[in-house]
Amino acid sequence: MNTEQEKKAWWKEAVIYQVYPRSFADSNGDGIGDLNGITEHLPYLEKLGVDVIWLSPVYQSPNDDNGYDISNYRDIMTDFGTMEDFDRLLAEAHRHHLKIVMDLVVNHTSDEHAWFVESRKSTDNPYRDYYIWKEPKDGKEPTNWGSCFGGSAWQYDETTNMYYLHCFSKKQPDLNWDNPTVRDEVFDMMNWWCEKGIDGFRMDVISMISKDPSYPDGEVHDGLYGDYSPYVCNGPHVHEYLQEMNRRVLSKYDLLTVGEAAGVTVEEAKKYANNEGSELSMVFQFEHVELVSGKIGKWTDEKPQLKDLRRILNKWQYELDGKAWNSLFWDNHDQPRVVSRFGNDSDEFRTVSAKMLATCLHMMKGTPYVYQGEELGMTNIYFDQLEDYRDIESINAFRQYTGNGLVTEEDMMRYLGEISRDNARTPMQWTAGENAGFTTGTPWIKVNPNHIEINAEAELADPDSVFYYYQKLIALRHSQSIIVYGKFEGLLEDSDTIYAYRRTLDGRTLTVACNFTASEQSCDLFDDLAGEELISNYKEHQAGRLQPYEARVVLA
Ligand code: TEU
Ligand code: CA
């Protein structure tokens, strides 16, 4: 595949930075990050060199799930500021050459959204069909489905003696996308934001908007509830609805669109992210961050194996090539910190392994995403008491699984330490000072004590920091079209220790090798390769081997 064949697009050449506003920067001392805090730090992001900011939800919300439960799509969360603050952030971002991608959460709303307040009033309310209501089955829930955050996915509502579906918390009722009026409302709202001048949407669990109308019971894996995924993910009308969204909204603007696609397969991704552009720019797949699972799903402390990681990521590289576009990510607000998960967060290897992981991802084909703090090599926090957790998923999972005796409290605390979403949500570490410079008040969630060593101020003063390494990777993507458009080919695909691959474009070759271990590994890929080293996390190399966590990139 060469540049002529691969259709060019600005979002294929861009690097995205995800901001989780609650934890990024607090401008008014209430302990909660806010829009003005983001605006203040735009020069930092411009210096890093990213092109786009994806904002996790900033809309009005009662915060049952930190903004992923929206009560008004056309207003800003009081904790985060006002619509004037948003307009200023958008204008300032554009002035700093940064685009803004909004989170779009339309699989569900908050139960406090005006539509749902109406919907639950009576069976003949005009908003009734905005949501998914079912009669009890034999006096119980309509199906055995479990919600993603524990308990049943059905909530009984006594006003009408019926159940509503909530794939996430009971304060997040699922919208009924089969109702054309719901689609009209959503598309109007999207057009309204586009008219404001935003640059795209990250679409929350968009693969779940079309449900199997037969509502069968799901398979029970954890001994408690049935799995809804086969009847909810990539459902019968999902592509039809996204094509309609594309016609009525997306195609009218020049947007980056990325669908969060829980349960997506490569076959489905080829449709969502097809090259004709009839649906979305790209999707997030999750196979590489869901490599290990235990008897209670993702809650385990088993470490993922390199072979599995490579098999999955290479599969996505090969299969989408020339047909659809990949997204590339290690971290987001739902995942533990990558240096703790796939690297090594000890004092000795944290920096070098963070750089290695960045290299491995950023030299692949696709659009890379950097999650706030990843560019500093921020680590998991490993809370030692449940009281420190804030995340609804973590707290409910602890109660559900220890309460049922499936795991001991001690084991569950260890699993949370490895996997909890709060690992990503501790405040951004700006300085070595009090509360890491995140707030002058009391932070809504504890700051990682390692901010004394790991913080932006220190890294900006150190030319060898993880920050400057990310800056260089991003600059390389902007200057070398082989990194954006080059064909991908895996190397050493049987290795247990090294992740290597090659990119080719217009007769040039880029060779990438990453040692995923803390010990030296033999590797002769570079021995006879005359070329220019584009980046490496080591200044000196050794013939025939890679040093601990060494990453090398050579253009020949
Ligand atoms: O997450 C959707 C999702 O697929 C979940 O399985 C997610 O991986 C979750 O964290 C389970 O571990 C999206 C958002 O990214 C998440 O923050 C929200 O809580 C969720 O949707 C509901 O809106
Ligand atoms: Ca604040």
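What this report covers is the structure whose coordinates are included nearby. (Residues numbered from 1 in each chain as written. Chains lettered and ligands numbered in written order. Predicted model: local features only at pLDDT ≥ 70, side-chain atom pairs only at ≥ 80, totals over all residues. Heavy atoms only, no water.)

**Some details on the pattern of salt bridges**
Moving on, step 1. Tallying each qualifying case throughout the model produces 39 salt bridges.
Moving on, step 2. A salt bridge links Lys270 to Glu267; the nearest nitrogen and oxygen atoms lie 3.2 Å apart. With a gap of three residues between them, Lys270 and Glu267 both fall in helix α8 (residues 266-272), about one helical turn apart.
Moving on, step 3. Residue classification places Lys270 among the buried positions, given a relative accessible area of 18%.
Moving on, step 4. Its relative accessible area of 47% is what places Glu267 among the partly exposed residues.
Moving on, step 5. A salt bridge links Arg311 to Asp308, with the nearest nitrogen and oxygen atoms 3.0 Å apart. With Arg311 and Asp308 both in helix α9 (residues 306-320) and three residues apart, the pair spans about one turn of that helix.
Moving on, step 6. When its relative accessible area of 27% is taken as the criterion, Asp308 is described as partly exposed.
Moving on, step 7. What you see here is one network of salt bridges that share partners, running through Asp65, Lys298, Asp334, Asp391, Glu393, Arg421 and Arg425. (Salt bridge = Lys/Arg side-chain N within 4 Å of Asp/Glu carboxyl O. Helix = DSSP H or I, 4+ residues; strand = E, 2+ residues; numbered from the N terminus. Buried < 20%, exposed > 50% of the residue type's maximum accessible area, 1.4 Å probe, protein only.)

**Some details on the coordination of the calcium ion (ligand 2)**
Moving on, step 1. The protein atoms that coordinate the calcium ion (ligand 2) are Asp26 (OD), Asn28 (OD1), Asp30 (OD), Ile32 (O) and Asp34 (OD), at distances spanning 2.3 Å.
Moving on, step 2. Linear spacing of the donor residues for the calcium ion (ligand 2) on their chain is D-x1-N-x1-D-x1-I-x1-D.
Moving on, step 3. Residue Asn28 is classed as exposed on the basis of its relative accessible area, which comes to 51%. (Donors = N, O, S within 2.8 Å, 3.2 Å for Na, K, Ca; no water.)

**Focus: the site of ligand 1**
Moving on, step 1. By nearness alone, 18 residues border ligand 1, and Asp65, Asp204, Lys298, Asp334 and Glu393 come closest of all.
Moving on, step 2. In this structure, Asp65 approaches ligand 1 through a side-chain N or O atom, which is 2.5 Å from an oxygen atom.
Moving on, step 3. His333 places a polar side-chain atom, nitrogen or oxygen, 2.9 Å from an oxygen atom of ligand 1.
Moving on, step 4. Coverage of ligand 1 by the protein chains reaches 93% of its 480 Å² of free accessible surface.
Moving on, step 5. Class assignment for the residues of the shell around ligand 1 results in six nonpolar, three polar and nine charged. (Near = heavy atom within 4 Å. Polar contact = N/O pair within 3.5 Å; in protein donor to acceptor, adjacent residues only side chain to side chain. Areas by Shrake-Rupley, 256 points an atom, 1.4 Å probe, with all protein chains shown as cover. Nonpolar A, V, L, I, M, F, W, Y, C, P; charged D, E, K, R; others polar.)

**Concerning unusual backbone geometry**
Moving on, step 1. Although it is not a glycine, Asp138 sits at a positive phi angle of roughly 50 degrees.
Moving on, step 2. Locating Asp138 in the fold gives a position in the loop between β6 (133-134) and β7 (154-157).
Moving on, step 3. Asp138 gets classed as exposed once you look at its relative accessible area, which sits at 73%.
Moving on, step 4. Within the chain, Asp506 stands out as a residue other than glycine whose phi angle is a positive 45 degrees.
Moving on, step 5. Following the sequence through the fold, Asp506 ends up in the loop between β15 (498-505) and β16 (508-515).
Moving on, step 6. For Asp506, a relative accessible area of 52% puts it in the exposed group.

**With respect to the side chain of His41**
Moving on, step 1. Structurally, the position occupied by His41 is in the loop between α1 (35-40) and α2 (42-48).
Moving on, step 2. On the accessibility criterion, His41 (19% relative accessible area) is buried.
Moving on, step 3. With residues up to four places along the chain from it excluded, the contact list for His41 reads Phe24, Ala25 and Trp430. (Contact = heavy atoms within 4.5 Å.)

**Concerning α9**
Moving on, step 1. Given a rise of 1.5 Å per residue, 15 residues ought to cover 21 Å, and the 21 Å separating the end C-alpha atoms of α9 matches this to within 8%.
Moving on, step 2. Every buried residue of α9 is accounted for by Leu306, Leu309, Arg310, Ile312, Leu313, Asn314, Trp316, Gln317 and Leu320.
Moving on, step 3. Against α8, β12 (327-328), β14 (487-491) and β15 lie the buried residues of α9.
Moving on, step 4. Once α9 ends, the next one or two residues include Gly322, with phi positive near 75 degrees. (Expected span 1.5 Å × (residues − 1).)

**Let's talk about the sheet that holds β15**
Where strands meet in a sheet, backbone hydrogen bonds hold them as pairs that are either parallel or antiparallel.
Moving on, step 1. Strand order across the open sheet formed by five strands is β14-β15-β16-β20-β18, with antiparallel pairing between neighbours. Both outer strands of the open sheet, β14 and β18 (532-536), are each paired with one neighbouring strand and no more. Strand-to-strand twist across the sheet, computed as the mean angle between neighbouring axes with direction ignored, equals 20 degrees.
Moving on, step 2. Here five bridges tie β16 to strand β20 (residues 551-555), and the two strands are oriented antiparallel to one another. (Pairing = 2+ DSSP bridges. Axes fitted to C-alpha atoms, helices over the stretch in contact; angles between N-to-C directions.)

**Considerations on the side chain of Gln60**
Moving on, step 1. In this fold, Gln60 is placed in strand β3 (residues 59-60).
Moving on, step 2. In terms of polar contacts, Gln60 uses its side chain to reach the side chain of Thr78, at 3.2 Å.
Moving on, step 3. Discounting residues that sit within four places of it in the chain, Gln60 has contacts with Asp69, Ile70, Ser71, Asn72, Asp75, Ile76, Met77 and Thr78.

**Observations concerning the sheet that holds β6**
Moving on, step 1. Pairing is antiparallel across the open sheet formed by three strands, whose spatial order is β6-β8-β7. Two strands bound the open sheet, and with one partner strand each, they are β6 and β7.
Moving on, step 2. Of the strand pairs in this sheet, β7 and strand β8 (residues 162-165) are connected by four bridges, and their pairing is antiparallel. Among the inter-strand pairings, Trp154 is bridged to a residue of β8, identified as Leu165.

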